[in-house]
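# Breakdown of the fold
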Amino acid sequence: MKDTEGYVTADGRQIGGQLMELKNITLKFGGVTAISDISFDIHEGEIRAIIGPNGAGKSSMLNIISGFYTPTEGELWYKGAKRPPMKPFEVARMGVARTFQNIALFEGMTVLDNVMTGRLTHMNAGIGAQALWWGKARDEEMENREKVERVIDFLEIQNIRKTPVGRLPYGLKKRVELARALAAEPSILLLDEPMAGMNVEEKEDMSRFILDVNDEFGTTICLIEHDMGVVMDLSDRVVVMDYGKKIGDGPPDEVRNNQDVIDAYLGVPH
Amino acid sequence: MLYRTAGQFKTSYQADQALFPVRQDAVLLAVILAFAYVIFPLTASEFTFQTLLIPILIYSLAALGLNILTGFAGQLSLGTAAFMGVGAYACYKMITLMPWMNPILAILFSGVFSAGVGVAFGIPSLRIKGFYLAIATLAAQFFLVWLFEKWAWLYNYNASGAIQVPNLDIFGIYVAGPLASSITQYYVVLGIVTLLTVICINLTRGNLGRTWKATRDMDIAAELIGINLMKSKLTAFAVSSYIVGVAGALFVFMWRGAAEPNLFDIPLSFQILFIAIIGGLGSVMGNYLGAILIVGLPVLLNLVPETLGIPIKSATVEHLNIMIVGSLIVFFLIVEPHGLAQLWRLIREKLIIWPFPH
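Residues numbered from 1 in each chain as written. Chains lettered and ligands numbered in written order. Predicted model: local features only at pLDDT ≥ 70, side-chain atom pairs only at ≥ 80, totals over all residues. Heavy atoms only, no water.

With that out of the way, let us pick up the domain arrangement of chain A. Residue and element names in this part refer to chain A. By the assigned domains, chain A splits into domain 1 (1–95 + 186–270) and domain 2 (105–185). The C-alpha centroid of domain 2 is placed 27 Å from the C-alpha centroid of domain 1. Across the contact, 21 residues belong to domain 1 and 13 residues belong to domain 2. Overall, the association of domain 1 and domain 2 removes approximately 1400 Å² of surface from exposure, summing both partners, and the carbon and sulfur fraction of that is 72%. Run the count over domain 1 and domain 2 and you get 2 salt bridges. For the interface between domain 1 and domain 2, the tally reads 2 residue pairs in polar contact (both at pLDDT 80 or more). Counting only elements with at least two residues in the side of domain 1 that touches domain 2, the list comes to α2 (88–93), β9 (188–192) and α7 (200–217). Examining the composition of the side of domain 1 that touches domain 2, we find that 9 residues originate from one element, α7, more than from any other. (Domains from an automatic or database assignment. Contact = heavy atoms within 4.5 Å. Buried area = accessible area lost by both parts, 1.4 Å probe. Salt bridge = Lys/Arg side-chain N within 4 Å of Asp/Glu carboxyl O. Polar contact = N/O pair within 3.5 Å; in protein donor to acceptor, adjacent residues only side chain to side chain. Helix = DSSP H or I, 4+ residues; strand = E, 2+ residues; numbered from the N terminus.)

Moving on: the sheet that holds strand β12 (residues 245–250) of chain A. Residues and elements named next belong to chain A. The 6 strands are arranged β8-β9-β10-β5-β11-β12 in an open sheet whose pairing can be described as mixed. Each having just a single partner strand, β8 (96–98) and β12 make up the two edges of the open sheet. Across the sheet, the mean angle from the axis of one strand to that of its neighbour is 20 degrees, orientation sign disregarded. By the bridge criterion, 3 bridges tie β8 to β9 in an arrangement that is parallel. Counted as the bridge partner of Val96 is Ile188 from β9. Packed onto the sheet, helix α1 (residues 58–65) meets β5 (47–51), β8, β9, β10 (220–224) and β11 (237–242) and runs at close to 150 degrees relative to β9. (Pairing = 2+ DSSP bridges. Axes fitted to C-alpha atoms, helices over the stretch in contact; angles between N-to-C directions.)

What follows is the structure in structure tokens.
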């Protein structure tokens, strides 16, 4: 039974059909079961949050989606087809982009170059053309530069585009990382704790950017976040994980009143 | 003041990404090229050609090759000299097997062989990084030098075990061998070095360069944004070894005139690594500055006591040289770990905003 129908969110946005479906995913590291038998789906155009206490397996889940881990059991369906085990770079080329919990920018490069790396998957001029900076290589460089500039504009980082990333403060680095992921024009954008370690103002900025990205580009977003206020405000549907199991799934209001979820967060003994 | 950029506006991304966004850089380069192509050849003596101009260019090229691998792609290599050897021996074999071959084409083509060998020895880089990879490339260093010694076919079974550069000409002008004049050889080297430098600049500022730098800075993130690490590392090994191989062929054919296996031993690898480090890892221009320092300094140190009339034994000068170069390396690593290129970058930044501090 394939759910191709969309739904309408509380604030009246039409959400598309299923973009990704995870079926009975289990992930084991030796004897440790990080994720056991979790199924959920991500619809086109929605903001999907994964929440849960520390060590619940949220990041592992994201790593499975981005191809960094291969699930021990279970299937991952993407754009209507079952995804075979593949390398992370192949997954990225299929339109999955992500940011990291600990910033993973290329410190030795400028902001512009960092964001340009996000376009790598869209560039394919041969080494000969690149060596001569001629023909396709140069045209491609200019075309992609323009796309990157649009993202830079969008995220309001024009003034630092030529600054080496190593010199930037934390909040801006997070934004550059988002820019790099956005530059890839992904079908699905994975955000691993986009607001970790930020002050209120930076969180507000970041929330605004996430909503704008979703709104303007129609990008599907799947995010992990600890700040409950942010999660409940931003997301259309929430998956709650605890000890590698799914304990809740649904719109924020429904999840908020779920007894299992309340127990998990308040720490009821198991 | 000379470097003021006020009034130089960019109206397109193309202009912003041009090779010289600042006009003064282009002027400076034009002056340097004028010196290299016109003034030096007109004024240099045989001694200057043989001890400074030609070796500086060749060492710069070898360091540039190493820099692509270590500075841009982040893969440490200690086998540079051996890859130079592959280029030199490949060139020698091509020239002796096919005497009709254009020597310049032979030199450019010899890099293809070293690129192949480089890729083969680069395969371990897919699994190991850092110091461990350096040890793996060290294996290439020892194995290849051993091969140059033991595989008699490489030096055409001659009794000395060394390769001797024959007289080679293009349209009647000797470019290699005892009959070639220094100025011709200088121009050949300069032409090839210029060509390969332009190629390297283009590669490093384009897509491939960003792929390499991403691999260097954070390989996991690189893979997750869609970079095929295997391809990225192996192209770096290929391009790097190609350039190093061409430098090796030039080293023997345009400068030394003859070579035996131990010429390509580990001291040469280290010398080139020093040039790359002192010049600045991850910089194209740094290699030239580093080579000028490492090749030029000993010559200078030899000349100074002589011109001042101080009687010093040549052995003492030799030792002094080692001490001074050694302490300079330590000095640079502490004061400016990013090398001479970074020093120039800082000076330039200051010059652009001079006389204001910010």
